[in-house]
Protein chains: 2
Amino acid sequence: MSLQSSSLTKIIEEYIDRLLEENQAGEVSLRRKDLAEKFGCVPSQINYVLRSRFAPENGFLVESQRGGHGYIKIIQLTFSNCDEEVVHLSDLVGNAITEQEARKLLVNLQNREMTTPRERLIIEVALRNQDENGRSLFDVSPYRRDLMRAELLKKILTSLSLG
Amino acid sequence: MSLQSSSLTKIIEEYIDRLLEENQAGEVSLRRKDLAEKFGCVPSQINYVLRSRFAPENGFLVESQRGGHGYIKIIQLTFSNCDEEVVHLSDLVGNAITEQEARKLLVNLQNREMTTPRERLIIEVALRNQDENGRSLFDVSPYRRDLMRAELLKKILTSLSLG
DNA sequence: CTGTCCTTGACTTATACTGACCAAAACTAT
DNA sequence: ATAGTTTTGGTCAGTATAAGTCAAGGACAG
């Protein structure tokens, strides 16, 4: 709510959103160079927009190719299994969550058929991997690992629009 | 803001894909010279297409013979079981993998219907999260992030073979 | 004043395509 | 048989193009 609301990033974000709405397929292809030119900025500004607004944790996939005939493709994954009544899972996760609590939550999600067994597996692998790295590589305290676990879990849930 | 023209490579790729679909055997033979002529390019362009689109990591084998009655044969691989495929994939990931390479591999997996879009999304969130943490929290060097990325990716791929 | 978000540009990496030169298989005339 | 010719495909390096990365600095809310 300031001049920020008219920031270039926001303008470009809205432009891409509009393209996504128009293209019914939920995806759109564009040229980084052209976009940058259209909005009078450097090309890397586009990367910033993609990174900060169209990230996987926001439910987007971005594919791109460099070189001749290069492009950037933005894909919006929209999932309608997000029941309005469902509590906000991110609230359940909170700032910190133990390994046990996380696992219980994931079992729950699978029982409610909000994730497939394969999806749950991937999530568990990712969580455990982070945990191990934190413990053995970076000497992260147990509580801080709970914080990081919560962060990762929330990002994933958000990406699946289960947030 | 639509893309200019489809690249020659893509056009030739699609042509070969079509031939593969028509010939149910999962393989097709052709003449490099004829193909080049058909698409109005130099013969080595065909090699480029084969190298970049019909490589083993895309699930293809290419055999060829020079000289009179020479030919190029493109064979679509099918793995008898998931484990084999995962071993193959883990080899492709190797010890280190860049963000770009990882993304390409994931796109590939999805195109071959070995993962769903949702699964891919979760994986990308996990990779990206690890990257962010490595960069901003633990000051991990770019190359070491490539190592860690490869580790995580392999763990996930392996887990999927069991699911 | 401070931390966060935004913006920029120099530098790096990846892809498409071409053409000159190389290698091998088959044919042909001795 | 053998050597030379013809017919194919392979390789590699160069050129053009386009996207990615990173870090330094700017703008702004609190």
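Residues numbered from 1 in each chain as written. Chains lettered and ligands numbered in written order. Predicted model: local features only at pLDDT ≥ 70, side-chain atom pairs only at ≥ 80, totals over all residues. Heavy atoms only, no water.

Q: In this structure, what is going on with the domain arrangement of chain A? I would like to understand it.
A: Where interface size is quoted, it is often the accessible area lost as the parts come together. Domain annotation of chain A identifies domain 1 (3-76) and domain 2 (89-159). Taking only C-alpha atoms, the centre of domain 1 of chain A and the centre of domain 2 of chain A are 29 Å apart. (Domains from an automatic or database assignment.)

Q: How should the interface of chain B and chain A be read in this particular structure?
A: The interface of chain B with chain A comprises 42 residues on the first partner and 48 residues on the second. In this assembly, chain B packs against chain A so that about 3900 Å² is buried in total across both faces, 60% of it on carbon and sulfur atoms. For the interface between chain B and chain A, the tally reads 6 salt bridges. Salt-bridge contacts for B:E119 lead to A:R118; the nearest nitrogen and oxygen are separated by 2.9 Å. Counting the contacts that link chain B with chain A gives 10 residue pairs in polar contact (both at pLDDT 80 or more). Those elements giving two or more residues to the side of chain B that touches chain A turn out to be α5 (99-111), α6 (117-137) and α7 (142-162) of chain B. With 17 residues, the top contributor of residues to the side of chain B that touches chain A is α6(B). (Contact = heavy atoms within 4.5 Å. Buried area = accessible area lost by both parts, 1.4 Å probe. Salt bridge = Lys/Arg side-chain N within 4 Å of Asp/Glu carboxyl O. Polar contact = N/O pair within 3.5 Å; in protein donor to acceptor, adjacent residues only side chain to side chain. Helix = DSSP H or I, 4+ residues; strand = E, 2+ residues; numbered from the N terminus.)

Q: Would you mind showing me how to read helix α1 (residues 8-22) of chain B here?
A: Two residues of an α-helix separated by three or four positions point the same way, owing to the 3.6 residues in each turn. Residue and element names in this part refer to chain B. Along its 15 residues, α1 runs 21 Å from first to last C-alpha, staying within 8% of the 21 Å computed at 1.5 Å per residue. Every buried residue belonging to α1 is among T9, I12, Y15, I16, L19 and L20, and all of these are buried. Taken end-on, α1 shows its buried residues confined to a sector of 140°, consistent with a single buried face. Looking at α1, the residues exposed on the side facing more than 90 degrees away from the buried face are E21 and E22. Along its buried surface, α1 packs onto β1 (27-30), α2 (32-38), α3 (44-53), β2 (60-65) and β3 (71-76). (Expected span 1.5 Å × (residues − 1). Buried < 20%, exposed > 50% of the residue type's maximum accessible area, 1.4 Å probe, protein only. Arc of directions from axis to C-beta.)

Q: What exactly am I supposed to notice about the side chain of A:Q130 here?
A: If you trace the backbone, A:Q130 turns up in helix α6 (residues 117-137). A relative accessible area of 11% places A:Q130 in the buried class. Sequence-distant contacts of A:Q130, defined by excluding residues within four places in its chain, comprise A:M148, A:R149, A:L152, B:N129 and B:N133.

Q: What is the right way to read the nonpolar core from this model?
A: Soluble globular proteins tend to pack their nonpolar side chains together in the buried interior. The biggest cluster of nonpolar side chains holds 42 residues, and the ones touching the most others in it are A:L109, A:L153, A:L157 and B:L153. Sorting the residues of this core by element identifies α4 (89-93), α5 (99-111), α6 and α7 (142-159) of chain A together with α4 (82-93), α5, α6 and α7 of chain B as the ones contributing at least two each. What B:L153 contacts, discounting residues up to four positions off in sequence, is B:V93, B:I97, B:A102, B:L106, B:I123 and B:L127. Residues A:I12, A:Y15, A:V28 and A:F54 belong to the second largest nonpolar core, which totals 18 residues. (Core = buried A, V, L, I, M, F, W, Y, C linked by side-chain atoms within 4.5 Å.)

Q: Teacher, can you tell me more about the protein's contact with DNA strand C here?
A: As a matter of local geometry, DNA strand C sits amid 30 residues, with A:T9, A:S44, A:Y48, B:T9 and B:Y48 nearest to it. Atoms of DNA strand C within 4 Å of the protein: sugar and phosphate make up 67%, bases the balance. In this structure, a phosphate oxygen belonging to DNA strand C sits 2.8 Å away from a side-chain N or O atom of A:R53. Within the side chain of B:Q45, an N or O atom sits 3.2 Å from a phosphate oxygen of DNA strand C. For the surface near DNA strand C, the secondary structure elements donating two or more residues are α1 (8-22) and α3 (44-53) of chain A together with α1 and α3 of chain B. Here the surface near DNA strand C is composed, by residue class, of 8 nonpolar, 17 polar and 5 charged. (Near = heavy atom within 4 Å. Nonpolar A, V, L, I, M, F, W, Y, C, P; charged D, E, K, R; others polar.)

Q: Hey, could you run me through the pattern of salt bridges in this one?
A: In a structure, side chains of opposite charge can pair up when their charged atoms sit close to one another. Counted under the stated rule, the structure contains 30 salt bridges over all chains. As a salt-bridge pair, B:R103 and B:E124 come within 3.8 Å of each other at their nearest N and O atoms. Of this pair, B:R103 sits in helix α5 while B:E124 sits in helix α6; the two residues are 21 residues apart in sequence, bridging distant segments of the chain. Residues joined by salt bridges that share partners form a network here, namely A:E27, A:E63, A:K73, B:E99, B:R103, B:R120 and B:E124.

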